[in-house]
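Survey of secondary and tertiary structure
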Amino acid sequence: MTFSCIRKLALSGLIVVVQSSCVVPDDTSRIAKVDPTAAAARKEMVGLSEADVRMCAGFPTATADAGGSGQIWTYKRVVQRGNLSIVVPTLSVGPVPALGGSLNVAPGGYCDTQVRMFGGRVAEVAYAGDNNLPNRRDALCVSTVDACVAYARQHRPAAK
C-alpha cells in the first residue's frame, strides 16, 4: 500500500513542491499488532473436534488432503473494498507553508482461514490473504474464528 505525500513550501515567493513516498513496510509488526481474537484462535481452537468447528465456523469452503499431516479446511472470506477518499484543500497564507492533501482508505481484502485437522481434531490454525487492516494484522479473519474462540472457552473443561 503506497500513499503519496506532497508538501508545498513557499520560499521567497517561489513555490517548491516536495514529493516523498510514504510506504507501509513489509514487516508491520512494530506498526500494527496481530488482532487479539485472531491470535487467541491459534491457541484456543487447538483440540476442538471436527463437529465443534462445524458448529462454530460452519462448513468449510474447501478441503484438501495433507497426507500424513491430516486435512486442511479453508474458510474463505471476502470483504469488498469500500473507497473512502478524504480531500483537504491546500491553503497557504503568506510565508506560511501550504497545508492540505488527500487520503484514500480501502479497508477491504480477503482472508483464507486454514484449519489443519489431524486425528479428527484441530492441530493448527493459520491465516493467508490480504487480511490486514491499517491498525491490526489478520483482522479480516476475525469473523471466521470469533465464534470458535467463544465456543472453545465455553466447552473446555476448566483447568484445575
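Residues numbered from 1 in each chain as written. Predicted model: local features only at pLDDT ≥ 70, side-chain atom pairs only at ≥ 80, totals over all residues. Heavy atoms only, no water.

Here's the deal with the state of the cysteines
Basically, it comes down to this: The criterion for a disulfide is a pair of cysteine sulfur atoms lying within 2.5 Å. The way it works is that DSSP assigns letters per residue, a run of H or I at least four long becomes a helix, a run of E at least two long becomes a strand, and they are numbered from the N terminus. Under the scheme applied here, a residue whose accessible area is under 20% of the maximum for its type counts as buried, over 50% as exposed, and between as partly exposed, the area being computed with a 1.4 Å probe on protein chains only.
Per the stated rule, a full pass over the model turns up 2 disulfides. The disulfide partner of Cys56 is Cys148, and the gap between their sulfur atoms is 2.0 Å. Between Cys56 and Cys148, the S-S dihedral sits near 90 degrees, and the bridge is therefore right-handed. Placement of the pair is Cys56 in helix 2 (residues 50-57) and Cys148 in helix 3 (residues 142-155), with a sequence separation of 92 residues. The pair Cys56 / Cys148 is uniform in exposure class, with both members buried. Covalent S-S linkage joins Cys111 and Cys141, the inter-sulfur distance amounting to 1.9 Å. Judged by the sign of its S-S torsion, about 105 degrees, the bond between Cys111 and Cys141 is right-handed.

A few points about the sheet that holds strand 9 (residues 121-128)
Filter applied, for reference: Strands qualify as paired when DSSP identifies two bridges or more between them. Axis definition: a line fitted to C-alpha atoms, limited for helices to the stretch in contact. Angles are taken between N-to-C directions and run from 0 to 180 degrees. Here a residue-residue contact requires only that any non-hydrogen atoms of the pair lie within 4.5 Å.
Strand order in this open sheet of 4 strands is 4-5-8-9, and the pairing throughout is antiparallel. Every interior strand has two partners, whereas the edge strands, strand 4 (62-65) and strand 9, have only one. If you compare each strand with its neighbour and ignore which way they point, the axes differ by 20 degrees on average. The strands touched by helix 3 within the sheet are strand 5 (71-79), strand 8 (109-118) and strand 9, with strand 5 carrying the most contacts at an inclination of about 125 degrees.

Topic: the pattern of salt bridges
Stated formally: We define a salt bridge as a contact between a side-chain nitrogen of Lys or Arg and a carboxyl oxygen of Asp or Glu at a distance within 4 Å.
With the rule as written, the count across this model stands at 4 salt bridges. For Arg42, the salt bridge is made with Asp138, and the minimal N-O distance between the two is 3.7 Å. Here Asp138 lies in the loop between strand 10 (136-137) and helix 3 and Arg42 lies in helix 1 (residues 36-44), a separation of 96 residues in the sequence. The partly exposed category is assigned to Arg42, whose relative accessible area is 33%. Arg116 is the salt-bridge partner of Glu124, the closest N and O atoms lying 3.2 Å from each other.

Remarks on the environment of Thr63
Here Thr63 is to be found in strand 4. Overall, Thr63 belongs to the partly exposed group, its relative accessible area being 49%. Thr63 sits 51 residues away from Gln114 along the chain, and the two C-alpha atoms are 9.3 Å apart. Once residues within four sequence positions are removed from consideration, Thr63 is found in contact with Ile72 and Trp73.

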